[in-house]
Amino acid sequence: MTAHNDRMERFAGTAVLFIILVSMYCLPPELLNLEVCPFKLMYNVPCPLCGISRSMYHTARGNIALAYSFHPAGIFLFFTLLSAFPVLLFSPLYNLIRKYNTRTGFLRYYAIGISIMIILFGIVRIISVQ
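One numbering rule holds for all chains: residues counted from 1, following each sequence as written. Selection of residues for local features in this predicted model requires a pLDDT of at least 70, selection of side-chain atom pairs for listing and counting requires 80 or more, and totals for whole chains, interfaces and linings are taken over all residues. Only hydrogens and water are set aside; all other atoms, that is, all heavy atoms of the structure, feed into the side-chain values.

## Re a nonpolar patch on the surface
Here is the rule: Note on patches: the residues involved have over 30% relative accessible area and no salt bridge, like charges join within 9 Å, and the nonpolar side chains Val, Leu, Ile, Met, Phe, Trp and Tyr join within 5 Å. Residue burial considers only the protein chains on display, and all accessible areas are found by Shrake-Rupley using a 1.4 Å probe. When a carboxyl oxygen of Asp or Glu is within 4 Å of a side-chain nitrogen of Lys or Arg, the pair counts as a salt bridge. We count a stretch as a helix when DSSP gives it H or I for four or more residues in a row; a strand needs E for two or more, and each element gets its number in order from the N terminus. Throughout this description, buried means an accessible area under 20% of the type-specific maximum (1.4 Å probe, protein chains only), exposed means over 50%, and partly exposed covers the range between.
A contiguous nonpolar surface patch, about 920 Å² in accessible area, is contributed by Phe76, Leu89, Phe90, Leu93, Leu96, Ile97, Tyr100, Phe106, Leu107 and Tyr110. Contributions of two or more residues to the nonpolar patch are made by helix H5 (72–89), helix H6 (91–104) and helix H7 (106–129). The element contributing the most residues to the nonpolar patch is H6, with four residues. Here Leu93 shows up in helix H6. Overall, Leu93 belongs to the partly exposed group, its relative accessible area being 31%.

## Description of the nonpolar core
So the rule is basically this: To form a nonpolar core, buried Ala, Val, Leu, Ile, Met, Phe, Trp, Tyr and Cys residues must be joined to one another through side-chain atoms within 4.5 Å.
Counting 13 residues, the largest nonpolar core has Ile52, Met56 and Ile118 as its most contacted members. Those elements giving two or more residues to this core turn out to be helix H1 (3–26), helix H3 (52–60), H5 and H7. At five residues, H5 tops the list of elements feeding residues into this core.

## Quick look at H3
Of the positions making up H3, those classed as buried are Ile52, Ser55, Met56, Tyr57, His58 and Thr59. A positive phi of about 90 degrees marks Gly62, the residue just after H3.

## Points about the layout of surface pockets
The criterion, for reference: Using only the protein atoms, space was sampled on a 1 Å grid; points where a 1.4 Å probe fits but cannot get out form cavities, open sets with protein on both sides within 12 Å along at least five of seven lines form pockets, and lining residues are those with an atom within 4 Å of a point. Grid points are joined across faces, edges and corners, and a volume is the space filled by probe spheres set on the points.
Roughly 450 Å³ of volume is contained in the largest pocket. Surrounding the largest pocket, 15 residues form its lining, Thr80, Ala84, Val87, Ile97 and Leu107 being those nearest its centre. Counting residues per element, the ones that place at least two in the lining of the largest pocket are H5, H6 and H7. Counting residues per element, the lining of the largest pocket draws most heavily on H5, which supplies six residues. Volume-wise, the second largest pocket comes out at about 380 Å³.

## Let's talk about the packing of H3 against H5
As a reminder, the rule being used: In this description, a line fitted to the C-alpha atoms serves as the axis of each element, helices being fitted only across the stretch in contact, and the angle between N-to-C directions of two axes falls anywhere from 0 to 180 degrees. Under this scheme an angle from 65 to 115 degrees is roughly perpendicular, one under 35 degrees roughly parallel, and one over 145 degrees roughly antiparallel; angles in between are oblique. Should the near helix be turned anticlockwise from the far one by less than a right angle, the crossing is termed left-handed; should it be turned clockwise, right-handed. Working rule for contacts: check all heavy atoms of both residues, and any pair within 4.5 Å makes them a contact. For this classification, Asp, Glu, Lys and Arg are treated as charged, while Ala, Val, Leu, Ile, Met, Phe, Trp, Tyr, Cys and Pro are nonpolar and the rest, including Gly, are polar.
Axis separation between H3 and H5 bottoms out at 8 Å; the angle between their running directions is 60 degrees. Compared by their axis directions, H3 and H5 come out oblique. Here the hand of the crossing between H3 and H5 comes out right-handed. On H5, the residues that touch Ile52, Ser55, Met56, Thr59 and Ala60 of H3 are Ala73, Gly74, Ile75, Leu77, Phe78, Phe79 and Leu81. A class-by-class count of the residues in the contact of H3 with H5 yields nine nonpolar, three polar and no charged.

## Let's talk about unusual backbone geometry
Positive phi outside glycine occurs at Asn44, with the angle close to 60 degrees. Summarising the element assignment, Asn44 is placed in the loop between helix H2 (38–43) and H3. Residue Asn44 is classed as exposed on the basis of its relative accessible area, which comes to 63%.

## Quick look at the confidence of the model for the protein
Just so we agree on the cut-off: Per residue, pLDDT captures the predictor's confidence, and it can take any value from 0 to 100.
With 97% of its residues at a pLDDT of at least 70, the protein reaches an overall mean of 83. Within the protein, no element has a lower average pLDDT than H1, which sits at 78, and none a higher one than helix H4 (residues 64–70), at 92.

## Looking at the environment of Tyr110
Locating Tyr110 in the fold gives a position in helix H7. The partly exposed category is assigned to Tyr110, whose relative accessible area is 30%. For the pair formed by Tyr110 and Asn33, sequence separation is 77 residues and the distance between their alpha carbons is 30 Å. Sequence-distant contacts of Tyr110, that is, excluding residues within four places in its chain, are made with Phe76 and Thr80.

The following block contains the structure:
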């Protein structure tokens, strides 16, 4: 991969993260109450991902306790996206993280951990609803 392509990918990633994080903060609160989950609409139980958007919204506004009540993984995801900014913007930090990840597979294990958290929370929530 050329240096130009690498910079363009990091710039695109930064732009996407910026849009996601700003939209989490600027989203009108009344949009948070819409039921758009097809799983919940069909089976009348929340899916493992239900509540992550609301959790990230409240994390962006500093309501961590309320964010946790919607979905604990939303807090981790918000701060993961937020911490990706300096990594994507600064080449030395990006190269350091990339080198560390290549050696240890840290990001893969982090993603697996977040996925397990989401699945377990979803299972517990489905069991508690019934």
